[in-house]
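Architecture at a glance
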Amino acid sequence: MRFLLDAEQRAFADSLDAMLTAADTPSAVREWSRGEHARGRALWSRIAEAGVFGLAVPEAYEGLGPRPVELAVAFVELGRHAVPGPLVETVTAAALLAGLPDPGPAKRLLPALATGEAMATLAWEAPYALDGDAATTHLALTPHGLYLSPGHGPVRPSLDPARRLTPLDPGGELLSPDPPTAHALAHARLTTAAQALGVGLALLDRTVAHVKQRTQFGAPIGSFQAVKHRLADAKIGLEFARPLVLGAALTMDPADVAAAKVTACEAAYATARTALQLHGAIGYTAEYDLSLWLTKARALRTAWGSPDVCRAELLSAAAGRRHRPSQW
């Protein structure tokens, strides 16, 4: 199938791109990595005003959604500009809260998430949550249920400096002993896939611009056949991932989302490796903006399900469909 955005969706993507381009996100990312959140919070508020977080919140709780296709469109742009913060975690928390049997926690917490007044993080059966020092709502999914954690511990280093890991304090208010997690996990993987696609596209654009300027033997290295082949492979991988991400957003089927997640993240990671090789030694330096996308591509690859986990779930779903009794 050929998935094309309509005029309204394209305008939405273009408006986010223009806003984030003007916001100087690399500076916000570097400050966020140092624990300085003022610029990042201001950017968060502008993203919320554009309606991004409201797309994950049902209208009953003052949101605009759920609208997963538009969410995917937005997260491609957020990844393209390397926006910091618990973006995926806030969307996942919204999907999880909206699906609770008791609407009380959703009524209390979701409106503020939709407007950007609150920022959520979520520890998903793991000891650490992303950006707990910046988040205002800390959720912990444990084998005993979903808790509203009372706080967080010290920040731990991460592969991506802008993804600051924090342990959440145990205990807190029990929101649900048996929360429905499948729908929330699908949102987490979809938005991670879209974000990774945006990261890959940014890496490709920056590398194409670089190889047009860098010269060897009196010619731009972009004119060399081997360089063209590497960039073409990266472009094909990203363009193959794009319809899978949009298709998964349409169906929200767990298998489709797993396929989109592994394909987009692997394409972004392959593009990151190509970008690093073609930039040479400068690509390793933290002062060079390329590093902001290189580290994010690597971190997103294993976030919310490693490639092996997603492939295993996809194969399991395919095997189940094969053995399903025929209707005829």
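Going by the structure above, here's the rest.
One structure accompanies this document, and this report is about it. The structure displayed is predicted, hence computed values, not measured ones. (Residues numbered from 1 in each chain as written. Predicted model: local features only at pLDDT ≥ 70, side-chain atom pairs only at ≥ 80, totals over all residues. Heavy atoms only, no water.)

**Thoughts on the overall build of the chain**
Quick note on the threshold: Each helix corresponds to a stretch of at least 4 residues labelled H or I by DSSP, and each strand to a stretch of at least 2 residues labelled E; elements are numbered beginning at the N terminus. Remark: exposure states derive from per-residue accessible area (1.4 Å probe, protein chains only) relative to the maximum for the residue type, with buried under 20%, exposed over 50%, and partly exposed in between. Contacts were defined at the residue level, with two residues in contact if any of their heavy atoms lie within 4.5 Å.
In terms of helices and strands, the chain carries eleven helices and eight strands. The dimensions of the chain, computed from C-alpha atoms along their principal axes, are 70 × 60 × 35 Å. The buried share of the chain, reckoned over its 328 residues, is 53%. Taking the intrachain contacts of the chain between residues at least 6 apart in sequence as the baseline, contacts between residues at least 24 apart amount to 70%.

**Details of the sheet that holds strand β6 (residues 173–176)**
Threshold: Any two strands with at least two DSSP bridges between them are considered paired. What counts as an axis is a line fitted to C-alpha atoms, over the stretch in contact for a helix, and the angles between N-to-C directions run from 0 to 180 degrees.
If you trace the four strands from one edge of the open sheet to the other, you get β1-β3-β4-β6, paired in mixed fashion. What marks the edges here is a single partner per strand, and that holds for β1 (120–124) and β6. For this sheet the average axis-to-axis angle between neighbouring strands, irrespective of direction, equals 25°. Here strand β3 (residues 137–142) pairs with strand β4 (residues 145–148) via four bridges, running antiparallel.

**Observations regarding helix α1 (residues 7–22)**
Put simply, the rule is: Multiplying 1.5 Å by the helix residue count minus one yields the expected span of that helix. Picture the helix axis, draw a direction to every C-beta atom, and the arc is the one those directions span.
The first and last C-alpha atoms of α1 sit 23 Å apart over 16 residues, in line with the 22 Å expected at 1.5 Å per residue. Along α1, the residues classified as buried are Gln9, Phe12, Ala13, Leu16, Met19 and Leu20. Burial along α1 is one-sided: seen end-on, the buried residues are contained in an arc of 130°. When the buried face of α1 is taken as reference, the exposed residues oriented beyond 90 degrees from it are Ala7, Asp14, Thr21 and Ala22.

**Considering helix α10 (residues 290–302)**
Each full turn of the α-helix corresponds to 3.6 residues, which orients residues three or four apart in the same direction. Of all 13 residues in α10, ten are buried, a share of seventy percent or more. Among the residues of α10, those classed as buried are Leu290, Ser291, Leu292, Trp293, Leu294, Lys296, Ala297, Ala299, Leu300 and Arg301. After α10 finishes, the residue Trp304 shows a positive phi value of roughly 60°.

**With respect to the packing of helix α5 (residues 87–98) against helix α7 (residues 182–213)**
For any two helices packed against each other, the geometry is given by the interaxial angle and the distance between the axes. Note the following rule: Roughly parallel covers angles under 35 degrees, roughly antiparallel covers those over 145, roughly perpendicular covers 65 to 115, and oblique covers all other angles. Helix crossings fall into two classes, left-handed where the near helix is turned counterclockwise from the far one by less than a right angle and right-handed where it is turned clockwise. All residues other than Ala, Val, Leu, Ile, Met, Phe, Trp, Tyr, Cys, Pro, Asp, Glu, Lys and Arg, Gly among them, are scored as polar; the first ten of these are nonpolar and the last four charged.
Running from amino to carboxyl end, α5 crosses α7 at an angle of 155°, the nearest separation of the two axes being 8 Å. Classed by the angle they form, the pair α5 and α7 counts as roughly antiparallel. By crossing handedness, the relation of α5 to α7 is classed as right-handed. Within the contact between the two elements, α5 uses Leu87, Val88, Val91, Thr92, Ala95 and Leu96 and α7 uses His183, Ala184, His187, Ala188, Thr191, Thr192 and Gln195. Class assignment of the residues belonging to the contact of α5 with α7 gives a composition of seven nonpolar, six polar and no charged.

**Examining the side chain of Arg163**
You can see Arg163 is positioned in the loop between β4 and β5 (165–167). In contact with Arg163, other than residues within four places in its own chain, are Leu130, Asp131, Ser158, Lys296, Ala299, Leu300 and Ala303.

**Notes on the side chain of Glu70**
You can see Glu70 is positioned in helix α4 (residues 68–80). Using a relative accessible area of 14% as the deciding quantity, one classes Glu70 as buried. The residues contacting Glu70, other than those within four sequence positions of it, are Gln9, Phe12 and Leu55.

**Overview of the nonpolar core**
What tends to happen in soluble globular proteins is that the nonpolar side chains get buried as a cluster. To keep it simple, the criterion reads: To qualify as a nonpolar core, a set must consist of buried Ala, Val, Leu, Ile, Met, Phe, Trp, Tyr and Cys residues joined through side-chain atoms within 4.5 Å.
Membership of the largest hydrophobic core comes to 78 residues, with the highest contact counts inside it found for Ile47, Phe75, Leu97, Leu146 and Val245. Here this core takes ten residues from α7, the largest share from any one element. Not counting the four nearest positions on each side in its chain, Phe75 is found in contact with Val52, Leu87, Val88, Val91, Thr191, Ala194 and Gln195. If you look at the next biggest cluster of nonpolar residues, it comprises 17 residues, including Ala196, Cys265, Ala272 and Leu290.

**Considering the pairing of β1**
Most of β1 is tucked away, with five of its five residues classed as buried. Neither face of β1 is open: one carries Ala120, Leu122 and Trp124, the other Thr121 and Ala123, and all of them are buried. Both β1 and β3 contribute to a ladder of five bridges, which runs parallel. From the neighbouring strand, Leu122 faces β3, where its bridge partner is Leu139.

**Considering the environment of Tyr128**
Our working rule: Polar contacts here mean pairs of N or O atoms no more than 3.5 Å apart (in protein, one a potential hydrogen donor and the other a potential acceptor; neighbouring residues in sequence count only if both atoms are side-chain atoms).
Topologically, Tyr128 is positioned in strand β2 (residues 128–130). Considering only alpha carbons, one finds Tyr128 and Ala94, 34 residues apart in sequence, at a separation of 19 Å. Non-local contacts of Tyr128, meaning those with residues more than four positions away in its chain, are made with Ala123, Arg156, Leu165, Thr166 and Pro167. Separated by 2.9 Å, the side chains of Tyr128 and Arg156 make a polar contact.

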